[in-house]
Structures are given as structure tokens and as C-alpha cells.
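# Structure at a glance
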Amino acid sequence: MNELSGEYRETFDGKNCKFDIRVHVIELRNIIGKNDGALGSGLSNPYIKMKHLDFEKDTKSQSDCLNTVFDWVFLRQFNGQPYDLFQSSITIAVHHHQLIGSDPLIGQVTVGATDVYMSAGHMLPAQWYPLVDPESDEPAEPQGYIKLQFAINGQNEKASVEELRAPFEYGRTEMLLSPRIQATGLYVLKAKIYLAKDLPSSMGGWGFFMRLRTQAGKFHFAWCILL
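Residues numbered from 1 in each chain as written. Predicted model: local features only at pLDDT ≥ 70, side-chain atom pairs only at ≥ 80, totals over all residues. Heavy atoms only, no water.

## A word on the packing of aromatic side chains
Applying the stated criterion to the full structure yields six aromatic pairs. Ring centres of Phe19 and Phe78 lie 6.4 Å apart, and the angle between their planes is 50°; on these two criteria the pair is classed as tilted. With Phe19 in strand E1 (residues 17-29) and Phe78 in strand E4 (residues 68-80), the pair connects residues that are 59 residues apart, well separated along the chain. Accessibility expressed as a relative area gives 0% for Phe19, which makes it buried. Phe78 gets classed as buried once you look at its relative accessible area, which sits at 6%. A connected cluster of aromatic rings, assembled from ring pairs, spans Phe19, Phe78, Phe86 and Tyr117. (Phe/Tyr/Trp six-rings, centres within 6.5 Å; stacked < 30°, edge-to-face > 60°. Helix = DSSP H or I, 4+ residues; strand = E, 2+ residues; numbered from the N terminus. Buried < 20%, exposed > 50% of the residue type's maximum accessible area, 1.4 Å probe, protein only.)

## A word on the pairing of strand E7 (residues 123-130)
If a strand is regular, its side chains alternate between the two faces of the sheet. With six of eight residues buried, E7 is to be regarded as a mostly interior element. Note that E7 and strand E8 (residues 145-154) share six bridges and pair antiparallel. Looking across to E8, one finds that Leu124 is bridged to Phe150. (Pairing = 2+ DSSP bridges.)

## Side note on the side chain of His52
Examined against the element boundaries, His52 turns out to sit in strand E2 (residues 46-52). Those residues in contact with His52, other than ones at most four positions away along the chain, are Ile21, Arg76, Phe78, Leu85, Ser88, Ser89 and Ile90. (Contact = heavy atoms within 4.5 Å.)

## Some remarks on the sheet that holds E8
Backbone-to-backbone hydrogen bonds join strands into a sheet, with any given pair of strands oriented parallel or antiparallel. Across the sheet, which stays open at both edges, the four strands sit in the order E4-E1-E8-E7 with antiparallel pairing between neighbours. The two strands at the open ends of the sheet, each matched to only one other strand, are E4 and E7. Geometrically, the sheet is characterised by an average inter-axis angle of 15° between neighbouring strands, direction not taken into account. (Axes fitted to C-alpha atoms, helices over the stretch in contact; angles between N-to-C directions.)

This is the structure we're talking about:
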């Protein structure tokens, strides 16, 4: 990542660079039903949210379904330092729309921008991803499946284009089948801090930071209070 950022910095003399990020949301399949109350339908009203740094954008929601085709393309233009892009990640989250209260998360997929850019053609081809809830007690348990295609193109680069037509027509049996998941290299890691003993007095007496570094190069901090 540092080497790649250095190449851009040298080529463009340290100036900000433009990158086009494109995420094609193709289809949802076998998502969990969130309308599960006494009068609920057992289905969900899903919509998709793309999050990247300070950028957020939603699709419209679809009503009463567990399987549906979205065929929606998110477009995001990043203008900044390459290092900030390459250490970032793209999150595609599926939420359940409800009239009262906040919209609960069904599940999400997070992909490192470097993983996309370093792939052939600066693109991850359309494939199925499991939707997971990182805050769940079982964060690796799929909450459904989503078919996505990612692409990132830099300044003065030819855009990556994939010949793809969303499959709008399925037989009833095929719609109910869980897709075969291709290897994506994506994992959910959930760490819990239970106890810390005999920390050095140089910690200052108030608390300390735990730092987790992901493969995409992003740092996550947790503040722990010393009692």
C-alpha cells in the first residue's frame, strides 16, 4: 500500500488525485425476515447503503421480500491523497426499513479499497458475498447473501467494464436456493477484551488503547478504562 501510494505521489507531485469508485448491487437472496412480530409477515423491507469514508448513499427500499433484484449502481468520486483511499474500506450494508424507530441492520459486506484496486482490471467481478452482522453474538453467521461487483479507476485510467446483465427472471426453486459462495478472502473478526493485569505504571493511570490492524491497513482503537 505504501509503495502504491508513493507511486501516485511521485507521478502527481503530491497533489490530490481523483478516483472513481463503482459498486454494482445486483441481487439479494435468502435474507432474514425482520417483520417477525405477532402481526409481522416474516419478510423484510430491504434497502442498501454504501459507506466509504464520509460518503453515504442509500437505495430505495423494496417491500415484503427475502429475495429480490436491485440492479443498482453506486458511483462515488474520491478526490484526495491516494494513501487515504488505499487504507480505506467500502461497506455495503443492507437495512430493514420500518415506519417507526431506527432501521435495523440485516447484514453487511466490507471490502478494502486496496483489494479492489490491486485486482485484475482494478475490479472484483460480480460474485456472491455473505451478509454478516459484526455486532451479533455470532458474527460469522450469514444473514443472507448479496451479489456485488466492485471497481476503482484512477485518474487518466480507462474504466473497467464488465459485461453483465442482472438475472431478472428465476424459477421458484432457484430463488429459494442459497448461492454457492466463491472464495473472497473476506473474514469477520470480533475481539473481546476480558481482563488486563500488571500493566506498566507509564500507562498514566487512566486507561489504555488497544489497536487492531486489518489487512487493508486500517486501524481500529478501543479505549479501555483502568479501574
